[in-house]
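Residues per chain, in single letters:
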Amino acid sequence: MKVKMAGSHFALLLLAANVCWTLKDGTFTKTLRMPDATPEHSDVLLCHAVKMEEDPTYIVGYEPHVSAEIAHHMMLYGCEEPGSTDEMWNCEETRGGGRVCADGEDQDSRQVVYAWALDAPAFNMPEDVGFRVGGTTRIKYIVLQLHYKNKLQAGDTDSLGVTLHMQRKQPEFQAGFYVLGTWGAVPPHVNDYHMETACEYTDSSPMYPIAYRTHSHSLGVVTSGYRIRNNQWTEIGRMSPQRPQMFYNATTPGMSALPGDFLAARCTMTSHRDTVTKIGATNADEMCNFYIMYYTGRTDDLTVQWCFQQNYHWEEHFSGIPDKASSLDGIPVADDDVMDHHVHSHE
């Protein structure tokens, strides 16, 4: 696949990409954009890397410059080394393309930094919370990945991306991601089909969910996430993945996850297709992901935590499953729930 390039050398790209704007409040911005990409077929994934500073910095806000008409989703991944030294490369790992990160093929080698889909708006961290990158972390580079819906018309190029709002001062709390999801497939001609996952929380430090984000494709009806403690279910979030796939306020402010708790997620799917729909990367496939953005008092470098299961059924492990786990009741139909962030008290 050929891609038009904005320059001819990776080092030049890094110099250009690291031009920052310092704001009056002491924060600064760093903008990552695709360098005049020309995706030549539908469902292609292209990547572009930007080197972080030698000293640690903290992301406190994300301002996307993306259109759902062009991109199915956008991801920011953190890598110790990017998957290519080219200024842009095909990173369709599951379909013969290059890697997102050079330091391993498994998902543990790449850190989730941000996720966007369906025209989600800008997102700001709560006060005194930041996502650490650079320094001694495993995030020496941020890789911008765009999943393009379609081939662009002849002569058209793309420069979609995101502006990161950052600061050098260490905040009181550090932000991280816990991602729940499933493997497997959705059978044909099913209503309210459940794809479920759960894992025990084993970190010794409490985790305080700030926000959540759901991600499914066209078969997703509702996705819900819970903390289970002593067989009591507390909702972290519940949303239709057909709404803007932004980070929404956690349903229960101030809730925590402690060692011995379980974190669980369910994706409810409906399919009128004549064939099985597998979990996969293309628009014709499906996904079942529930992202938890949390904060913690930990001061060491965080890494993303994953919980993925296949053929897992809540009823075989838990009782008291909430009736609303597959319900759209209470989910807003208007965009009146854009996040108004603040650090909640610890409960």
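Undergrad: Go over the sheet that holds strand 6 (residues 89–90), please, and point to the residues and values.
TA: The antiparallel open sheet is built from 5 strands, whose spatial order is 6-3-10-5-7. Strand pairing shows two members of the sheet lacking a second neighbour, strand 6 and strand 7 (111–117), which therefore form its edges. Bridge analysis of strand 5 (residues 71–79) against strand 10 (residues 141–148) gives 8 bridges, and the strand direction is antiparallel. For C79, the partnering residue across the bridge sits in strand 10 and is Y141.

Undergrad: Quick one: what's the story with the sheet that holds strand 16 (residues 220–229), residue by residue and with numbers?
TA: Pairing is antiparallel across the open sheet formed by 4 strands, whose spatial order is 14-19-16-17. This sheet does not close on itself; its edge strands, each paired only once, are strand 14 (190–200) and strand 17 (232–239). Ignoring strand direction, the axes of neighbouring strands in this sheet form an average angle of 20°. Across 7 bridges, the pairing between strand 16 and strand 17 is antiparallel. Within the sheet, the bridge partner assigned to S224 lies in strand 17 and is R238.

Undergrad: Explain the pairing of strand 12 (residues 173–182) residue by residue, including any values.
TA: Along strand 12, 10 of the 10 residues are buried, which leaves the element largely enclosed by surrounding structure. Neither face of strand 12 is exposed, since F173, A175, F177, V179 and G181 on one face and Q174, G176, Y178, L180 and T182 on the opposite face are all buried. Two elements, strand 12 and strand 21 (residues 289–296), share 8 bridges in a ladder whose sense is antiparallel. By the bridge assignment for strand 21, V179 is matched with Y291. The pairing of strand 12 with strand 22 (residues 305–309) spans 5 bridges and is parallel. In the strand pairing of strand 22, Y178 is matched with Q305.

Undergrad: Describe the side chain of S256, and please don't skip the residues or the numbers.
TA: Secondary-structure assignment places S256 in the loop between strand 18 (248–249) and strand 19 (262–271). At 3.3 Å, the side chain of S256 and the side chain of R229 are in polar contact.

Undergrad: Can you break down the nonpolar core residue by residue, with the values?
TA: Ranked by size, the top nonpolar core spans 82 residues in total, and within it Y62, F131, I142 and Y178 carry the most contacts. If we skip the residues at most four places from it in the chain, I142 touches L32, H48, A49, V50, M52, I59, L76, Y77, V113, V133 and L164. Listed in part, the 9 residues of the second largest apolar core include A198, Y226, A264 and W314.

Rules and cut-offs
Residues numbered from 1 in each chain as written. Predicted model: local features only at pLDDT ≥ 70, side-chain atom pairs only at ≥ 80, totals over all residues. Heavy atoms only, no water. Pairing = 2+ DSSP bridges. Helix = DSSP H or I, 4+ residues; strand = E, 2+ residues; numbered from the N terminus. Axes fitted to C-alpha atoms, helices over the stretch in contact; angles between N-to-C directions. Buried < 20%, exposed > 50% of the residue type's maximum accessible area, 1.4 Å probe, protein only. Polar contact = N/O pair within 3.5 Å; in protein donor to acceptor, adjacent residues only side chain to side chain. Core = buried A, V, L, I, M, F, W, Y, C linked by side-chain atoms within 4.5 Å. Contact = heavy atoms within 4.5 Å.

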